[in-house]
Amino acid sequence: METIGFIGCGNMGGAIARAVCKATAPQNVLLANRTPEKAQALAAELGCKSGTNAEAAACSWVFLAVKPQGMPAMLSALMPQLAARKDRFVLVTMAAGLSLARIQALSGGRYPVIRMMPNTPASIGAGMIQFCAEGTTPEETAAFCRLLAAAGRLDEIPESLIDAASCVSGCGPAWAYQFIEALADGGVACGLPRAKAIEYAAQMLAGSASLVLESGQHPGALKDAVCSPGGSTIQGVRLLEQRAFRGAVTDAVIAAYDKTKDMGQAK
C-alpha cells in the first residue's frame, strides 16, 4: 500500500493535500507541520492522519511543502532517516528556485525527485501545475499525475523552463487578484455596489481565461473581437497602452523570475 506524507501544511501544502485526498483513500495520507495543531486541524477536516516530520518522511511519497529557506534545515534533520530506508520512495518538492539536483544534495542521496510548481487555484481544482522529474519511473510519473489530477491541469516540462513557468502561473494569481480589485474599484467609482463589482470582475476574468483555453485563439484576436470601431473598449485599451500596462505586467514576470533565480542560488 502506497502512503503519502506531507511535510508542511501551509496554503500550498494544504491545497495539494486536499487534492490528493480526493484521489486516494485519506487514511493513506499523513500530514506534518511545524505547528502540529495546523496539521491536526487539516487532518480532521480531510479524514487523514497527522504526525511528525519523521513519520511523513517514512511514506512512499514525501511531499516537501516548506519554503525554500526552510528546506536545508528540514532535510538535514531527515537525512539519516532517508539514508537508512531500504524501500523505494519519491520526494516531491514545491519550493521555488530549488532544483532537482539541489533537493537531492540537501537530502543526501540521489533519490527519485519530482519538482512541481503549483498555484493557489489548485485548492479548488483549477490549478496550473508544471512538473519535472529526476530518477522516477514512467509508472511513478503516471501515479503522480493521478494523485494530482483533482488539483487542476498538469504539464511536464524541462527543468530549464520551470522557473519561468512558475513566475507566470505560480505568481500570476496575485497579479490577477490585483487586476480584479482594480476593475472592481473602477466599477465602484462608476456607481456599482462593491460586492457586485467584485463578482462581475471575477466572473469576467474566469470566463475570459476559459475562452482562451477552449477556443485556442490568440489573446490578441479575442481582444480585437471586443473592440468595436469607435467604441468604449478601444478607448480603455488605448489608455492602458499609454500607461504601459503590458510592459508593466511583463516586467513583473521578469522581476519574479530574477528573484526566483536568486533564491535558488542561496546557500
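Everything here concerns the structure above.
Source: prediction; values computed, not measured. (Residues numbered from 1 in each chain as written. Predicted model: local features only at pLDDT ≥ 70, side-chain atom pairs only at ≥ 80, totals over all residues. Heavy atoms only, no water.)

Q: Would you mind going over the overall build of the protein chain with me for this structure?
A: The number of helices and strands found in the protein chain is 12 helices and eight strands. For the C-alpha atoms alone, the extent of the protein chain along its principal axes is close to 70 × 35 × 30 Å. Residues counted as buried form 38% of the 267 residues belonging to the protein chain. For the protein chain, contacts bridging at least 24 residues in sequence account for 62% of all contacts bridging at least 6. (Helix = DSSP H or I, 4+ residues; strand = E, 2+ residues; numbered from the N terminus. Buried < 20%, exposed > 50% of the residue type's maximum accessible area, 1.4 Å probe, protein only. Contact = heavy atoms within 4.5 Å.)

Q: Can you walk me through the environment of alanine 19 in this structure?
A: For alanine 19, the location among the structural elements is in helix 1 (residues 11–23). Spatially, the C-alpha atom of alanine 19 lies 7.6 Å from that of alanine 122, the residues being 103 residues apart in sequence. Setting aside anything within four residues of it in sequence, one finds alanine 19 in contact with Leu147, Ala150 and Ala151.

Q: What am I meant to see in the pairing of strand 8 (residues 152–156) here?
A: Regular strands place their side chains on alternate faces of the sheet. Two elements, strand 7 (residues 127–134) and strand 8, share five bridges in a ladder whose sense is parallel. Residue glycine 127 lies in a different strand from strand 8, and its bridge partner there is glycine 152. Between the parallel pair strand 7 and strand 8, the chain is carried across by helix 6 (residues 138–148), and the sense of this crossover is right-handed. (Pairing = 2+ DSSP bridges. Right-handed = clockwise from strand over helix to strand, strands pointing away.)

Q: Quick question: what am I supposed to make of the side chain of serine 60 here?
A: With respect to the element layout, serine 60 can be found in the loop between helix 3 (53–56) and strand 4 (61–64). The class of serine 60 is buried, set by a relative accessible area of 17%.

Q: When you look at the packing of aromatic side chains in this model, what are you seeing that I'm missing?
A: The relation between two aromatic rings is expressed through the spacing of the ring centres and the mutual angle of the planes. Scanning all chains against the criterion turns up four aromatic pairs. A ring pair is formed by phenylalanine 6 and phenylalanine 63, whose centres lie 4.6 Å apart and whose planes are at 15°; its orientation type is stacked. Linking phenylalanine 6 in strand 1 (residues 4–7) with phenylalanine 63 in strand 4, this pair joins segments that are 57 residues apart in sequence. Owing to a relative accessible area of 0%, phenylalanine 63 belongs among the buried residues under this scheme. Between the aromatic rings of phenylalanine 89 and tyrosine 111, the centroid separation amounts to 4.9 Å while the plane-to-plane angle is 45°, which identifies the pairing as tilted. On the criterion of sequence distance, the pair formed by phenylalanine 89 in the loop between helix 4 (71–84) and strand 5 (90–93) and tyrosine 111 in the loop between helix 5 (100–107) and strand 6 (113–117) is long-range, its members being 22 residues apart. Since its relative accessible area comes to 13%, tyrosine 111 is described here as buried. (Phe/Tyr/Trp six-rings, centres within 6.5 Å; stacked < 30°, edge-to-face > 60°.)

Q: For this particular structure, what's the right way to read the pattern of salt bridges?
A: Inspection of the entire model under this criterion finds 10 salt bridges. Note that arginine 88 is salt-bridged to glutamate 140, the shortest N-O span being 2.5 Å. Of this pair, arginine 88 sits in the loop between helix 4 and strand 5 while glutamate 140 sits in helix 6; the two residues are 52 residues apart in sequence, bridging distant segments of the chain. Relative accessible area serves as the criterion here: at 46%, arginine 88 is assigned to the partly exposed category. One salt bridge in this structure joins aspartate 185 and arginine 194, with 2.7 Å as the shortest N-O distance. In this structure arginine 194 comes out as partly exposed when scored by relative accessible area, which is 41%. A single network of salt bridges, built from pairs that share partners, joins Arg115, Glu159, Asp163 and Lys261. (Salt bridge = Lys/Arg side-chain N within 4 Å of Asp/Glu carboxyl O.)

Q: Looking at this structure, I do not really get the sheet that holds strand 3 (residues 49–50). What am I missing?
A: Strand order in the open sheet formed by eight strands is 3-2-1-4-5-6-7-8, with mixed pairing between adjacent strands. Of all the strands in the sheet, just strand 3 and strand 8 have a single pairing partner and so form its edges. For strand 5 and strand 6, the ladder comprises three bridges, and the chain directions are parallel. Bridging from a neighbouring strand, threonine 93 pairs with arginine 115 of strand 6. In the packing of helix 6 onto the sheet, the strands contacted are strand 1, strand 4, strand 5, strand 6, strand 7 and strand 8, and the crossing angle to strand 4 comes to about 60°. (Axes fitted to C-alpha atoms, helices over the stretch in contact; angles between N-to-C directions.)

Q: Looking at this model, I keep getting lost on a nonpolar patch on the surface. Mind explaining?
A: Taken together, the side chains of Phe179, Leu183, Met204, Leu240, Phe245 and Val249 define a hydrophobic patch exposed on the protein surface, amounting to about 450 Å² of accessible area. By secondary structure assignment, the location of valine 249 is in helix 12 (residues 245–265). (Patch = residues over 30% accessible without salt bridge, like charges linked within 9 Å, V, L, I, M, F, W, Y side chains within 5 Å. Areas by Shrake-Rupley, 256 points an atom, 1.4 Å probe, with all protein chains shown as cover.)

Q: Hey, could you run me through the packing of helix 7 (residues 159–170) against helix 8 (residues 172–189) in this one?
A: The description of two helices packed together rests on the angle between their axes and the distance between the axes. Running from amino to carboxyl end, helix 7 crosses helix 8 at an angle of 25°, the nearest separation of the two axes being 5 Å. By the angle between their axes, helix 7 is roughly parallel relative to helix 8. On helix 8, the residues touching Cys167, Val168, Ser169 and Gly170 of helix 7 are Gly172, Pro173 and Trp175. (Parallel < 35°, antiparallel > 145°, perpendicular 65-115°, else oblique.)

Q: Which parts of the structure should I look at to understand the packing of helix 1 against helix 6?
A: Put simply, helix 1 and helix 6 touch, their axes get as near as 7 Å, and they point 105° apart. Taken together, the axis directions place helix 1 and helix 6 in an arrangement best described as roughly perpendicular. Of the residues in helix 6, those touching helix 1 at Ile16, Ala19, Val20 and Ala23 are Arg146, Leu147 and Leu148. Of the residues in the contact of helix 1 with helix 6, the class split is six nonpolar, no polar and one charged. (Nonpolar A, V, L, I, M, F, W, Y, C, P; charged D, E, K, R; others polar.)

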